[in-house]
Amino acid sequence: MADLLPRSSAGAGLLQWNSDFGIREITPHLSGDLVERMEYLYVRVVKARGLKWSGDIDPFAELRLGGYSCTTRHVEKTVSPEWDNVFAFSRERIHAAFLEVFVRGRGVAKEDYVGGTRLDLAILPDAPVSVQPDSAPAPQWYSVFDKKGEHRGEMMMAVWFGTQADKYFDSAVHADAAFAVDDKLAAHIQHKLYAVPRLWYVRVKVVEVREAVFADKARVSEVFVRSRISGQVHRTRTSTDHRWRDEENGHLFVVAEPFEDHLTMSVVGVKNGKEEPEGATKVDKFSSKINVNLCLEGGYKVLSEPVHYLSDVRPSASELRREPIGLVELGIREAVGLAATRKRDGRGSCDAYCVAKYGVKWYRTRTVTDGLSPRFHQTYHWEVHDHCTVLTVAVFHNSQIGDKGGLVAGDPVKDVLLGKVRIRLSTLESGRTYAYAYPLISLHGGGVKKMGELRLAVRFSNSSTLGLLQTYTQPHLPPMHYHRPLTVVQQEMLRREAVTIIAHRLGRMDPPLRLECVEHLCESHALRWSMRRCKAHFFRLKEALEPLSAASTWFYHVCRWTNPVTTIAVHIIFAMLVCYPGLILPTFFLYKFLLGMQNYLHWQWRHRHKHPWHIDTKVSHAEAAHHDELDEEFDEFPTARPPEVARMRYDKLRSLNARIQEIVGDVATHAERGRLVMSWRDPRATVLYLMACLCLAVITFTVPFQAVALLTGFYLMRHPYLRQRLPDMPANFFRRLPCKVDCLL
């Protein structure tokens, strides 16, 4: 349990923040780059020609560099194969002086090699200091010899030292792993850019059905229409006149470009309250006409993530999209101290990769195999159309790699989420580079655990300050969300469908982005019941209302004359504002301005390098969460727990709802008393209320407003010697008013 609890740090400053779950600032590079300059040995195996071997073979190339080994793909039955595969080896891991390249044949016994060549790495030039994307040399032919020294053909290759800015870096297979990397494994560990398909809403409105006749020639009195697009199904209400003109909004479906699915509509008859079975209706002989209005809703933004974590707010239609206002650059440097997720050769190991999500471009870094402190040092950038959006970076363990290398046998297992980081762009200063080590926090049924740290560097730059400020005056979502708003239930249902479509499309790419990764990045379980989240939201609300509570406490002490000097000063200021009411609003706004300037100076000179927001275990109320609460949060729906556990949780939920019920009942009671005072349910109370209203009308008409306000204020702030411990007369009158609580069972 030691690793589930935070360890406090007594140091001061950002480098030793208050707990292991905190964020640490790291030193930026003097060059201004977001990541470090890392050197790699690139080997591009293009093709071979004139391979001499008797019989048919499926040639492939094998590279060996010290203890590292990797292979290209097989090319069937040819002596002039073309591979064009690029491999990269981290220079800091290279301890060998020679690179060996062999040509083998899968059709040969024991996959013996046809021939090979050996290259001396000492003769290669160093990587250029000024990194150029086109620094790769032209490939050249190398002779291939067998074990006896006989010439067996030629191989075209290019070998050079470069950096991560090389144009082949993204497509290269990073083969410096503790095990052999074949062509199948290479597809699951390489870098990838995922382009999220553009999503649209399709509105289907059924107007009417004509000539609905079944196979037995009997006209059905009640029918409904069922619409289906892929796994999304909607149906109209049952109608006797076969018309649905009152259903103005119709039904919404989520589709993605390119449009591959079909809209299927069927008319279903209802007899005696039951649907006609498909076998009895003989659909092939059924005939009808359906009047349908179809529309591609391009004015909406198809939500695939919660509104609080939106990374793109542009509508589906390109004509309605605004020009970009800036650019955000992200540098994923390295992860430090990752928790071991598997055992390999008797020691802890992890195969980590990162996924950066913003807008329609998701980047997946290469998988750094067999390391607890992987170094990525890759940079990405996105155009920003609205800076009030969130950039998400998640770290996963690649569970598709076996303990001894290669892909896992049998059904694939889920990749493990190690943690994620959210960066809200509106909290970043323009042109400033933020370099921090963010904690990777994992929450599961056993508790909260720190899985390591992720070191990132992010920089936001805007092209127009005026355009940046104008975004604050525009609606957060496209105007269509306000002209024809969607209900909360409908919006959440469509969001689940959008996540399903995105996961399906990205799962078809190579390498695929797995379903669990998409669900974690899109927060698909955000509406899952959680007692921990309820407590976190309650304390968030309590902290947000703390200024009101402090103001109420301050006014209470003013009324109690705790500090007579302060109370007298408040009386004087109150009298001035009442006598000169034109000063009320200017005084209020001037006070807010001075308060904001005071906070700015305090931030500017004392807390300039204050850490940005990150996933906080205290705000999430994860540190104090009970084990049973976490187990309930991660339980499936429907529950998979034993009946006695489900019964215990149900009783606990009943107890909590009983308290909420009493609070809601008290609020309803006070609201009903204020509304029913004029209903003459209690004639005497209503007469007293009307007489009081008449007297107040006469007094406020004859007495100046300033005098009424002064008397009211001085009465509320009167000295304790003039007070009594009993409730005031208005409070006594209000509590005696009737309410509908008498009508409850």
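Above this text is the structure in question.
Residues numbered from 1 in each chain as written. Predicted model: local features only at pLDDT ≥ 70, side-chain atom pairs only at ≥ 80, totals over all residues. Heavy atoms only, no water.

Enquirer: Quick question: what am I supposed to make of the overall build of the protein here?
Expert: A tally of regular secondary structure across the protein gives 15 helices and 28 strands. Burial statistics for the protein: of 745 residues in total, 41% are counted as buried. Contacts spanning at least 24 positions in sequence make up 72% of the contacts within the protein whose residues lie at least 6 apart. In the structure as shown, the protein presents an accessible area of about 42400 Å², 58% of it carried by carbon and sulfur atoms. (Helix = DSSP H or I, 4+ residues; strand = E, 2+ residues; numbered from the N terminus. Buried < 20%, exposed > 50% of the residue type's maximum accessible area, 1.4 Å probe, protein only. Contact = heavy atoms within 4.5 Å. Areas by Shrake-Rupley, 256 points an atom, 1.4 Å probe, with all protein chains shown as cover.)

Enquirer: Sorry if this is basic, but what is going on with the packing of helix α9 (residues 564–579) against helix α14 (residues 705–716) here?
Expert: For the pair α9 and α14, the least separation of the axes is 9 Å and the interaxial angle reads 160°. Here α14 runs roughly antiparallel to α9, going by the angle between their axes. In this structure, α9 meets α14 at a crossing whose hand is right-handed. For the pair α9 and α14, contact is made by His 571, Phe 574, Ala 575, Val 578 and Cys 579 and by Gln 706, Ala 709, Leu 710, Gly 713 and Phe 714, respectively. (Axes fitted to C-alpha atoms, helices over the stretch in contact; angles between N-to-C directions. Parallel < 35°, antiparallel > 145°, perpendicular 65-115°, else oblique. Left-handed = near helix turned anticlockwise from the far one by under 90°.)

Enquirer: Teacher, can you tell me more about the packing of helix α8 (residues 546–559) against α9 here?
Expert: Helices that pack against each other are described as a pair by the angle of their axes relative to one another and the distance between those axes. Running from amino to carboxyl end, α8 crosses α9 at an angle of 100°, the nearest separation of the two axes being 8 Å. Classified by the interaxial angle, the pair formed by α8 and α9 is roughly perpendicular. On the side of α8, the interface is formed by Trp 554, His 557 and Val 558, while α9 contributes Thr 566, Thr 567 and Val 570. Along the lines of polarity and charge, the residues of the contact of α8 with α9 split into three nonpolar, three polar and no charged. (Nonpolar A, V, L, I, M, F, W, Y, C, P; charged D, E, K, R; others polar.)

Enquirer: I keep staring at unusual backbone geometry and nothing clicks. Help me out?
Expert: Most peptide bonds take the trans configuration, and most residues that are not glycine carry a negative phi. Here the residue pair Glu 257 and Pro 258 is connected by a cis peptide bond, since its omega of -10° sits within 30 degrees of zero. Looking at where Pro 258 falls in the secondary structure, it is placed in the loop between β15 (251–256) and β16 (263–271). Omega for the peptide link from Asp 510 to Pro 511 comes to 0°, which places this bond in the cis form. Positive phi outside glycine occurs at Ser 230, with the angle close to 55°. Even without glycine at this site, Asp 370 takes up a positive phi of about 55°.

Enquirer: What is the right way to look at the layout of surface pockets in this model?
Expert: One way to see where empty space is left: roll a probe the size of a water molecule over the atoms. Approximately 730 Å³ is the volume attributed to the second largest pocket. Around the second largest pocket, the lining is made up of 20 residues, and of these Ala 692, Leu 696, Tyr 715, Met 729 and Pro 730 lie nearest the centre. Only α12 (643–676), α13 (683–702), α14 and α15 (729–735) provide two or more residues apiece to the lining of the second largest pocket. Here the element with the most residues in the lining of the second largest pocket is α13; it accounts for six residues. (1 Å grid on protein atoms, 1.4 Å probe; cavity = no way out; pocket = protein on both sides within 12 Å on 5 of 7 lines; lining within 4 Å. Points joined across faces, edges and corners; volume = space filled by probe spheres on them.)

Enquirer: Would you take a moment to explain empty space enclosed by the protein for this structure?
Expert: As enumerated under the stated definition, the model contains one cavity of 30 Å³ or more in all. Computed from the structure, the largest cavity encloses a volume of approximately 30 Å³. Along its surface, the largest cavity is lined by Glu 305, Tyr 309, Lys 357, Thr 392, Arg 422, Leu 521 and Glu 523. Along the lines of polarity and charge, the residues of the lining of the largest cavity split into two nonpolar, one polar and four charged.

Enquirer: Explanation requested: the pattern of salt bridges in the structure shown.
Expert: When the charged atoms of two side chains with opposite charge come close together, those side chains can pair. One pass over the full model with this rule turns up 33 salt bridges. Between Glu 453 and Lys 450 there is a salt bridge, with the nearest N and O atoms lying 3.3 Å from each other. One network of salt bridges, in which partners are shared, links Glu 36, Glu 92, Glu 334, Arg 375 and Arg 455. (Salt bridge = Lys/Arg side-chain N within 4 Å of Asp/Glu carboxyl O.)

Enquirer: Explain the sheet that holds strand β22 (residues 352–358) here, please?
Expert: Sheet strands line up and pair through hydrogen bonds in the backbone, either parallel or antiparallel. Strand order in this open sheet of five strands is β11-β23-β22-β25-β26, and the pairing throughout is antiparallel. The sheet terminates laterally at β11 (192–195) and β26 (416–424), the two strands that pair on one side only. Going from strand to strand, the sheet's axes swing by 15° on average, the running direction of each strand aside. (Pairing = 2+ DSSP bridges.)

Enquirer: Can you walk me through the side chain of His 481 in this structure?
Expert: By the element assignment, His 481 lies in helix α4 (residues 480–483). Judged by relative accessible area, His 481 falls into the buried class, the value being 9%. Here His 481 is in contact with Tyr 300 and Lys 301, once residues within four sequence places are set aside.

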